[in-house]
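Each chain, letter by letter, is given below.
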Amino acid sequence: EAGVTQFPSHSVIEKGQTVTLRCDPISGHDNLYWYRRVMGKEIKFLLHFVKESKQDESGMPNNRFLAERTGGTYSTLKVQPAELEDSGVYFCASSRTMNTEAFFGQGTRLTVV
Amino acid sequence: SQKIEQNSEALNIQEGKTATLTCNYTNYSPAYLQWYRQDPGRGPVFLLLIRENEKEKRKERLKVTFDTTLKQSLFHITASQPADSATYLCALLLNNAGNMLTFGGGTRLMVKP
């Protein structure tokens, strides 16, 4: 069984540009989460999908961030326009049901210069 | 204020000894507490989950305790090996907070041969 995969693994963009991160969860996992870790801080929750619906987006920092999960399979997280403080590692995780273990991807390291 | 505290200093121990990592939290009411392992450049990997009504959970060389009165979890690795060297994260799944995990900053464990 393939794990959670994220693409790209690294991205370097200039301030003001747009970046789209992709996450493919484990097949059959209805729950998909986005987290991020900025330099020197803890991993922080961004949002949670159940299938294609946003269950909780309380962690999204501002309206420059847009997450989608059309069809309830893979998800994208778009940052537009990117700012310097958006730099960090963005993790995606999935779980079969709520309140069970979450499987994390390897993360996308985003650097905004 | 709400906090999850893990020792930010690295823990260095000798191979074969028991490693004990601490996770303290304040002003949270967790339904579950989870421990994850993270290696450099990788996403967190789930290790153990313990519920608020459980005192102790074991899995092979791993043991987790959960004291909701002290607001503390201890994570033990017995007969430690150099391959156990990694960063260990505790994460709370809170009551009335959906399905998001709230992470501590992690403790780096170094097991020397």
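See the structure above.
Residues numbered from 1 in each chain as written. Chains lettered and ligands numbered in written order. Predicted model: local features only at pLDDT ≥ 70, side-chain atom pairs only at ≥ 80, totals over all residues. Heavy atoms only, no water.

Caption draft 1: Layout of the state of the cysteines. Summed over the entire model, instances satisfying the criterion amount to 2 disulfides over all chains. What pairs with Cys 23 of chain A in a disulfide is Cys 92 of chain A, and their sulfur atoms sit 1.8 Å apart. Measuring the twist about the S-S bond at about -60°, one finds the Cys 23 of chain A-Cys 92 of chain A disulfide to be left-handed. You can see Cys 23 of chain A sitting in strand E3 (residues 19-24) and its partner Cys 92 of chain A sitting in strand E9 (residues 88-95), a full 69 residues away along the chain. Bridging Cys 23 of chain B to Cys 90 of chain B, the disulfide has an S-S length of 2.0 Å. Between Cys 23 of chain B and Cys 90 of chain B, the S-S torsion sits near 55°, and that sign places the bridge as right-handed. Remark: Cys 90 of chain B occurs in strand E9 (residues 86-94) and Cys 23 of chain B occurs in strand E3 (residues 19-26); sequence separation between them is 67 residues. (Disulfide = S-S within 2.5 Å. Helix = DSSP H or I, 4+ residues; strand = E, 2+ residues; numbered from the N terminus.)

Caption draft 2: Representation of the pairing of strand E11 (residues 108-112) of chain A. All names here are of chain A. Every second residue of E11 is oriented toward a common face, the buried set being Thr 108, Leu 110 and Val 112 and the non-buried set Arg 109 and Thr 111. Where strand E2 (residues 10-13) lies against E11, 4 bridges are found, and the strand directions are parallel. Bridge pairing in E11 links Ile 13 to Val 112. Pairing of E9 with E11 involves 3 bridges; the strand directions are antiparallel. (Buried < 20%, exposed > 50% of the residue type's maximum accessible area, 1.4 Å probe, protein only. Pairing = 2+ DSSP bridges.)

Caption draft 3: View of the environment of Ala 2 of chain A. Residue and element names in this part refer to chain A. Mapped onto the elements of the fold, Ala 2 is located in the segment before strand E1 (5-7). Taking relative accessible area as the criterion, Ala 2 reaches 58% and is therefore assigned exposed. Separated by 58 residues in the primary sequence, Ala 2 and Met 60 have C-alpha atoms spaced 28 Å apart.

Caption draft 4: Focus on the side chain of Ser 11 of chain A. Residues and elements named next belong to chain A. Note that Ser 11 resides in strand E2. According to the relative accessible area criterion, Ser 11 is buried, its value standing at 12%. For Ser 11, the residues in contact, after removing those within four places along its chain, are Val 19, Arg 109, Leu 110 and Thr 111. (Contact = heavy atoms within 4.5 Å.)

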